[in-house]
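Okay, here's what each chain looks like letter by letter:
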Amino acid sequence: MIAKTLQDMFKRYRRPGDVVFAVLFLGFSVFLLTQLGEQTKAVKRTKWFAQPNLWPMISLWAMVIFGFLHWLSSAMSPRLLGRWTEVGFWVRSFEYVAYFLVYVMLVPILGYLLSTVLFAVFLALRTGFRGARTVGIAALFGVFVTVVFRAFLQVKIPAGAVYEYLPDSVRAFALTYL
């Protein structure tokens, strides 16, 4: 279907949580812009187009301008119900960030293998997969990830403190491959 007028074509539809997102994005953009002088420097006797801070400055100014325009268009659009329901949905997703941070804290204690297997099984259970087969697949996935990263890709991940309690022959293997 072709729009009948130019106004129909550019009509703005506001979504629940749009204003909150626009304000957060604009605030974050302004914060990043204020940090520009601390993070990048202008080099003396260098042409303007070769400055190290040129593209960060252009992109941050664009973020601020478009963030402001987004906020302005959201504020001028008709209000819809459900703003805080949508924001609550966003906040609930931080639960998984917390799980990942706990996982990162457990790796130096339990080791990469045990932490990864427990994390995979926990996420399978948390997302609602309760069957023995599915939990077993999650555990095997954790073992697979560990073997691929440690043995094949040789990623240097700190060994767990729990490895100190293993017998010497097993500990050397665990420190290298698990």
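Here we summarise the structure given alongside this text. (Residues numbered from 1 in each chain as written. Predicted model: local features only at pLDDT ≥ 70, side-chain atom pairs only at ≥ 80, totals over all residues. Heavy atoms only, no water.)

1. Concerning the overall build of the chain
- Helix and strand counts for the chain come out as nine helices and zero strands.
- Walking the chain from its N terminus toward its C terminus, one meets helices and strands in the order α-α-α-α-α-α-α-α-α.
- For the chain, whose C-alpha radius of gyration is 25 Å, the value lies well above the compact-globule estimate of 16 Å for 178 residues.
- Each of the three principal axes of the chain carries a C-alpha extent, and together these read 75 × 55 × 30 Å.
- Looking at the chain as a whole, 24% of its 178 residues are labelled buried.
- Residue pairs in contact within the chain that sit at least 24 positions apart in sequence constitute 69% of those at least 6 positions apart.
- Averaging the locations of the 18 positively and 7 negatively charged side chains of the chain gives two centres separated by 7 Å. (Helix = DSSP H or I, 4+ residues; strand = E, 2+ residues; numbered from the N terminus. Rg over C-alpha atoms; globule rule 2.2 N^0.38 Å. Buried < 20%, exposed > 50% of the residue type's maximum accessible area, 1.4 Å probe, protein only. Contact = heavy atoms within 4.5 Å. Lys, Arg positive; Asp, Glu negative; His and termini not counted. Charge placed at Lys NZ, Arg CZ, Asp CG, Glu CD.)

2. Details of helix α2 (residues 18-34)
- Taking 1.5 Å of rise per residue, 17 residues should cover 24 Å, and α2 covers 24 Å from first to last C-alpha, within 8% of that figure.
- Looking at the buried positions of α2, the neighbouring elements they touch are α3 (36-39), α4 (54-76) and α5 (83-92). (Expected span 1.5 Å × (residues − 1).)

3. Topic: the nonpolar core
- Judged by nonpolar contacts, Val117, Ala120, Val121, Ala124, Val135 and Ala138 together constitute the single largest core of six residues.
- Breaking this core down by element, the ones donating at least two residues are α7 (112-126) and α8 (132-152).
- When neighbours within four sequence positions are excluded, Val121 is seen to be in contact with Val135, Ala138 and Ala139. (Core = buried A, V, L, I, M, F, W, Y, C linked by side-chain atoms within 4.5 Å.)

4. Some thoughts on the packing of α2 against α4
- Where α2 meets α4, the closest approach of the two axes is 8 Å, and the angle between their N-to-C directions is 155°. Comparing the axis directions of α2 and α4 gives the class roughly antiparallel. In terms of crossing hand, the pair formed by α2 and α4 is left-handed. Residue-level contacts link Asp18, Val19, Phe21, Ala22, Val23, Phe25, Leu26, Ser29, Val30, Leu32 and Leu33 of α2 to Leu60, Trp61, Met63, Val64, Gly67, Phe68, His70, Trp71, Ser74 and Ala75 of α4. (Axes fitted to C-alpha atoms, helices over the stretch in contact; angles between N-to-C directions. Parallel < 35°, antiparallel > 145°, perpendicular 65-115°, else oblique. Left-handed = near helix turned anticlockwise from the far one by under 90°.)

5. What about the side chain of Arg150?
- Structurally, Arg150 is set in helix α8.
- Buried and unpaired, Arg150 has no salt bridge, with Glu164 as the nearest side chain of opposite charge at 11 Å.
- Reaching out from Arg150, the side chain makes a polar contact with the backbone oxygen of Ile157 at a distance of 3.3 Å. (Salt bridge = Lys/Arg side-chain N within 4 Å of Asp/Glu carboxyl O. Polar contact = N/O pair within 3.5 Å; in protein donor to acceptor, adjacent residues only side chain to side chain.)

6. Comments concerning a nonpolar patch on the surface
- Taken together, the side chains of Met57, Trp61, Ile65, Phe66, Phe68, Leu69, Leu72 and Met76 make up a nonpolar region of the molecular surface, amounting to roughly 810 Å² of accessible area.
- Its place among the elements puts Leu69 in helix α4.
- Exposure remark for Leu69: the relative accessible area of 43% places this residue in the partly exposed category. (Patch = residues over 30% accessible without salt bridge, like charges linked within 9 Å, V, L, I, M, F, W, Y side chains within 5 Å. Areas by Shrake-Rupley, 256 points an atom, 1.4 Å probe, with all protein chains shown as cover.)

7. Some points on the packing of aromatic side chains
- Tallied over the full model, the rule gives seven aromatic pairs.
- Where Phe68 meets Trp71, the ring centres are 5.8 Å apart and the plane angle is 40°; that geometry is what we call tilted. Placement of the pair is Phe68 and Trp71 together in helix α4, with a separation of three residues, close to one helical turn.
- You can call Trp71 partly exposed: its relative accessible area is 28%.
- Arranged with centres 4.6 Å apart and planes meeting at 25°, the rings of Tyr103 and Phe119 form a pair that is stacked. Residue Tyr103 is located in helix α6 (residues 94-110), and its partner Phe119 is located in helix α7; the two are separated by 16 residues in the primary sequence. (Phe/Tyr/Trp six-rings, centres within 6.5 Å; stacked < 30°, edge-to-face > 60°.)

Don't take any of this as a statement about function, it's just geometry.
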